[in-house]
2 protein chains.
Amino acid sequence: MMPHLLQPASARVTREDCVAADAANPLATFRDRFALPENTIYLDGNSLGARPKGSAERAAAVVEQEWGEGLIRSWNTAGWFDLPRTLGDKIARLIGSGENECVVTDTTTLNLFKALASALRIQQQERPGRRVILTERDNFPTDIYIAEGLADFLNSVGGDYEVRLIDEELTLEEALDDDVAVVALSHVNYRTGAMWDMAAVTASAHDAGALAIWDLAHSAGAVEVDLRGADADYAVGCTYKYLNGGPGAPAFIWVHERHQARFWQPLSGWWSHTSPFAMADAYAPANDIRRFMCGTQPVTSLAMVENGVDLALEADMATVRAVSLELTDLFIRLVRERCGDHPLTLITPEEHGRRGSHASFRHPEGYAVMSALIARGVIGDYREPEVLRFGVTPLYVGFADVYDAVEELRDVLDTRAWDAAEFTVRNAVT
Amino acid sequence: MMPHLLQPASARVTREDCVAADAANPLATFRDRFALPENTIYLDGNSLGARPKGSAERAAAVVEQEWGEGLIRSWNTAGWFDLPRTLGDKIARLIGSGENECVVTDTTTLNLFKALASALRIQQQERPGRRVILTERDNFPTDIYIAEGLADFLNSVGGDYEVRLIDEELTLEEALDDDVAVVALSHVNYRTGAMWDMAAVTASAHDAGALAIWDLAHSAGAVEVDLRGADADYAVGCTYKYLNGGPGAPAFIWVHERHQARFWQPLSGWWSHTSPFAMADAYAPANDIRRFMCGTQPVTSLAMVENGVDLALEADMATVRAVSLELTDLFIRLVRERCGDHPLTLITPEEHGRRGSHASFRHPEGYAVMSALIARGVIGDYREPEVLRFGVTPLYVGFADVYDAVEELRDVLDTRAWDAAEFTVRNAVT
């Protein structure tokens, strides 16, 4: 357990306390590995991670040398063909897995489709009649939509699948009955930052005869994840948030070895074939994690994933997590101390074991407040309804940043700065 | 109709004739817009197109300014969010469509899954009981695999779908019976370069009560395509071959307006939602081509698509096609004139109306021959079984290039150069 970095000299935290904590922060040196604009405090790494400086060189090398000079040969000579697996093996080390269980490919949504389809096929064989995909109403919408799309598709030819939503009126325990085939949850909620206990929920799912799929979009690179320890069945996740892989960079899918070779997943493209270059006219899937690939991947975007992942591996997730919790603690405390007169409602759990790496507050004029903050260079983001979301990413956000951000928030609220602000950012992609 | 550029002074084509044709070539100026390595004749643009010079600047701008400086704001300020549609509208002009029918997103394989799923749902409603996806054994394998994956998935819950393959023993006419729901063909065959008559086949499909899906991977940017004129239902295609979008760049999907809003396609991610940022917990798809999007796209790879597409638009497809046919004609003629003693068998149709933009020959030692050619800087590629494939891409390949390439081929064959060659390229990705 790392000792606390922040040692307030007084009951009320001062900026000097924060500067001292930054000086003691073992992650402080990472900030110089990122390119960040001047006069900006970036608290939106949970939506789009900042740019590792090495990414520019990597992109230029892919475009100018590997593509421009190597041309088609680079599929082999530059390792393009193996990138999904080499990057997957690296990410595996951040999420509690060994090799050959993870590939970087396609999008989080598509990978969730593959995982759901595979899990339903297993259940159809082992526990026929189970027809419910269990998720939660507060999940990131695309996770619900893809479950609905899959159920609708199967039901169109005689399936009887249903998407069941945990919400304020239906707890996980109540929902987890004998009809449930698979539980598919986001480990850390995109809006509130609330975190499920992965091991406990997976155990409950298994006890109830269901399989467990975890969406790690707001977890990978942000909190400690132990998929093998939790005995999870499948996981999907994002590389462009806390893994700093670049805008829209390909996602990952992790499949426990025990499930990899059992059935086709229906997005059966040629990259999942056991011999993709034999050009056989019959599909014969690889008997390992390659089965969860599909088509040719966007190499330039894919290659840059490595820069971000390498930084996370170098930093060590236990240290990242410890600093992250101190930073969100500080954010919440400062908001209480300095913005207590304003109608801000914390919606993020305070308990460490239930919190991811961001802090969110509702405010009746949330969108206007965030717009005014962004205009001042404090970049968080806004999520319906009324939610101000502030992500702390310890590789490039420090204690004094949090202090300064809350001071700006206080000033924006005290002066109603949004009355004069230009609102240029709406609907930034999470 | 453009006059012929190649005017052989003698019965046997000389290099001087080719140089003269290059001088008269209205596309000759495009070559300088591409970055190509020295001492290379690149005849594999049908696998991975060459790099437009502007791509490097575009990638650097995306990575350094838009990502590094703009951060999350660039989804709006740099137009990232609209890229699938703005690029789709540009590609539409190359394939005989107006606006709002095409998006650039995901991979060709995944887009084919969406098109097939959508077409099957329409048929289920309009002509229930049709249960056959008709394609051909010689199609690019991933097209067959994804049809098999989809059929297998639906059949697992009570569907009765079947993938039927046109081959030497079953013609299109014979195969197109009352069971066929959808005909899904590659317009230009990846191996032989043979081209279907899109309008005629689509009309036959419609007459038989089937829908028509066209894979334009080897057509878009290579031959004239008129989807609206042919009354096609769906099309998918690739941006990293003749459109020079960069390695693994996202693919496109085109859906005739009449089919866009009828059913969900099952890969129903949040980018296909009518209000993606409302974060609603119920799926409500957009009633237009956006419905065929799914998740967040790889921006760096996606943005570079524009450089390649803009060059194709500037060149004009009628001119590209006319020069392409002259170049493949020349390639075939020179091989006959100069390599006639060797066991090369042309497998590409000679009739212009049935030929795409490459010429392929079988040779018993095809792989070794191609390896030796590549070692000499003439880059074509090899496809099982025994096939030497030479793509001509008029934006950066000229008549003298074809002449020199065939001379190298002749010398390699005459001297059995592969006995000493190092074979470094196997299995390059098509």
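Residues numbered from 1 in each chain as written. Chains lettered and ligands numbered in written order. Predicted model: local features only at pLDDT ≥ 70, side-chain atom pairs only at ≥ 80, totals over all residues. Heavy atoms only, no water.

As annotated in an unreviewed UniProt entry, chain A is Kynureninase from Zhihengliuella flava. UniProt, in the comment section headed Function (unreviewed entry), describes chain A in these words: "Catalyzes the cleavage of L-kynurenine (L-Kyn) and L-3-hydroxykynurenine (L-3OHKyn) into anthranilic acid (AA) and 3-hydroxyanthranilic acid (3-OHAA), respectively." Under the UniProt heading Sequence similarities (unreviewed entry), the note attached to chain A is "Belongs to the kynureninase family." (UniProt positions renumbered as here; feature names shortened; annotations may be inferred.)

A. Looking closely at the packing of aromatic side chains. All told, the structure shown has 36 aromatic pairs over all chains when counted by the stated rule. With a centroid separation of 5.3 Å and 55° between ring planes, the pair formed by F81 of chain A and F277 of chain A is classed as tilted. Taken together, the residues F81 of chain A in the loop between α3 (74-77) and α4 (83-92) and F277 of chain A in the loop between β10 (252-255) and α10 (299-303) connect sequence positions 196 residues apart. An aromatic cluster is built from W75, W80, F81, W270, W271 and F277 of chain A together with F140 and Y190 of chain B, whose rings are joined through pairwise contacts. (Phe/Tyr/Trp six-rings, centres within 6.5 Å; stacked < 30°, edge-to-face > 60°. Helix = DSSP H or I, 4+ residues; strand = E, 2+ residues; numbered from the N terminus.)

B. Broad picture of the UniProt feature "binding site: pyridoxal 5'-phosphate" (unreviewed entry) in chain A. All names here are of chain A. Those residues carrying the UniProt feature "binding site: pyridoxal 5'-phosphate" (unreviewed entry) are T108, T109, F140, P141, T142, D143, D215, H218, Y240, W270 and T296 in this numbering. With a sequence span of 189 residues, these residues are also far apart in the fold, their greatest C-alpha distance being 30.1 Å. By secondary structure assignment, the location of T142 is in helix α6 (residues 141-155). We classify T142 as buried; its relative accessible area is 4%. Within the secondary structure layout, D143 lies in helix α6. In contact with D143, other than residues within four places in its own chain, are L112, S186 and D215. (Buried < 20%, exposed > 50% of the residue type's maximum accessible area, 1.4 Å probe, protein only. Contact = heavy atoms within 4.5 Å.)

C. Structural context of the packing of helix α12 (residues 317-338) of chain B against helix α14 (residues 399-415) of chain B. All names here are of chain B. Orientation of α12 relative to α14, taken along the N-to-C sense of each, is 25°, at an axis distance of 10 Å. The orientation of α12 with respect to α14, classified from their angle, is roughly parallel. Relative to α14, α12 is oriented so that their crossing is right-handed. Each of V323, E326, L327, L330, F331, L334, V335 and R338 in α12 lies in contact with α14, whose residues at this interface are F399, V402, Y403, A405, V406, E407, L409 and R410. In the contact of α12 with α14, the residues fall into twelve nonpolar, no polar and four charged. (Axes fitted to C-alpha atoms, helices over the stretch in contact; angles between N-to-C directions. Parallel < 35°, antiparallel > 145°, perpendicular 65-115°, else oblique. Left-handed = near helix turned anticlockwise from the far one by under 90°. Nonpolar A, V, L, I, M, F, W, Y, C, P; charged D, E, K, R; others polar.)

D. Examining the pattern of salt bridges more closely. Residues and elements named next belong to chain A. The full count for this structure, using the stated rule, is 74 salt bridges over all chains. Between R389 and D381 there is a salt bridge; the shortest N-O distance is 2.7 Å. Each member of the pair, R389 as well as D381, carries the same accessibility label: buried. Here the residues in one salt-bridge network are R131, D160, E162, R164 and D177, joined through shared partners. (Salt bridge = Lys/Arg side-chain N within 4 Å of Asp/Glu carboxyl O.)

E. Structural detail: the relation of the copies chain A and chain B. The two copies are related by a screw motion: chain A maps onto chain B through a turn of 180° and a shift of 0.0 Å along the axis, at an RMSD of 0.0 Å. When the rotation and shift are considered jointly, the pair of chain copies conforms to a two-fold rotation axis. A symmetric contact is evident, with 100% of the interface residues of chain A recurring at the interface of chain B. (Least-squares fit on C-alpha atoms with pLDDT ≥ 70 in both.)

F. Expanded view of the sheet that holds strand β12 (residues 358-362) of chain B. All names here are of chain B. Overall, antiparallel pairing links the four strands, which are arranged β11-β12-β15-β14 in an open sheet. Of all strands in the sheet, those with a lone pairing partner are β11 (345-346) and β14 (381-383), marking the two edges. Relative to β12, β11 runs antiparallel, the two sharing two bridges. When the bridges of β12 are listed, T345 appears paired with R362. Seen against the sheet, α12 touches β11, β12 and β15 (387-391) and runs at an angle of roughly 25° to β12. (Pairing = 2+ DSSP bridges.)

G. How the structure looks around the packing of α6 of chain A against helix α6 (residues 141-155) of chain B. It is the contact of α6 of chain A with α6 of chain B, at a shortest axis distance of 9 Å, that shows an interaxial angle of 75°. It follows from the interaxial angle that α6 of chain A and α6 of chain B lie roughly perpendicular. Facing α6 of chain A, whose interface residues are L150, F153 and L154 of chain A, α6 of chain B presents L150, F153 and L154 of chain B.

H. Highlighting the UniProt feature "modified residue: N6-(pyridoxal phosphate)lysine" (unreviewed entry) in chain A. Residue and element names in this part refer to chain A. According to UniProt, the feature "modified residue: N6-(pyridoxal phosphate)lysine" (unreviewed entry) maps to K241 in the numbering used here. Locating K241 in the fold gives a position in the loop between β9 (234-237) and β10. A relative accessible area of 3% places K241 in the buried class. Within the local environment of K241, its side chain forms a polar contact with the backbone oxygen of N46, the two atoms lying 3.3 Å apart. (Polar contact = N/O pair within 3.5 Å; in protein donor to acceptor, adjacent residues only side chain to side chain.)

I. Structural context of helix α13 (residues 366-375) of chain A. Residue and element names in this part refer to chain A. The element α13 is largely enclosed, with a buried count of nine among its ten residues. Where α13 is buried, its residues contact β13 (378-379), β14 (381-383), β15 (387-391) and α14 (399-415). A positive backbone phi angle near 90° is found at G377, which sits one or two residues after α13.

J. Molecular detail of the interface of chain A and chain B. Each partner contributes to the interface: chain A provides 95 residues, whereas chain B provides 95 residues. Together chain A and chain B conceal approximately 8300 Å² of surface at their shared face, both sides included; 70% is due to carbon and sulfur atoms. By the criterion of area lost to chain B, the three top residues of chain A are W67, Y145 and F153 of chain A, representing 10% of everything that side buries. There are four salt bridges connecting chain A and chain B. Here R137 of chain B ties to D281 of chain A by a salt bridge, and the two come within 3.3 Å at their closest N and O atoms. Seen at the junction of chain A and chain B, the total is 29 residue pairs in polar contact (both at pLDDT 80 or more). (Buried area = accessible area lost by both parts, 1.4 Å probe.)

K. Layout of unusual backbone geometry. Residue and element names in this part refer to chain A. A cis geometry characterises the amide bond from E384 onward to P385, with omega recorded as -10°. Structurally, the position occupied by P385 is in the loop between β14 and β15. Phi at N39 takes a positive value of approximately 55°, unusual for a residue other than glycine. Position of N39 relative to the elements: it lies in the loop between β1 (34-35) and β2 (41-42). The class for N39 is exposed, based on a relative accessible area of 71%. Positive phi outside glycine occurs at N244, with the angle close to 55°.

L. Examining the side chain of H187 of chain B more closely. Relative to the helices and strands, H187 of chain B is located in the loop between β7 (180-186) and α8 (198-207). Here the side chain of H187 of chain B touches S219 of chain B through a polar contact of 2.8 Å, side chain to side chain.

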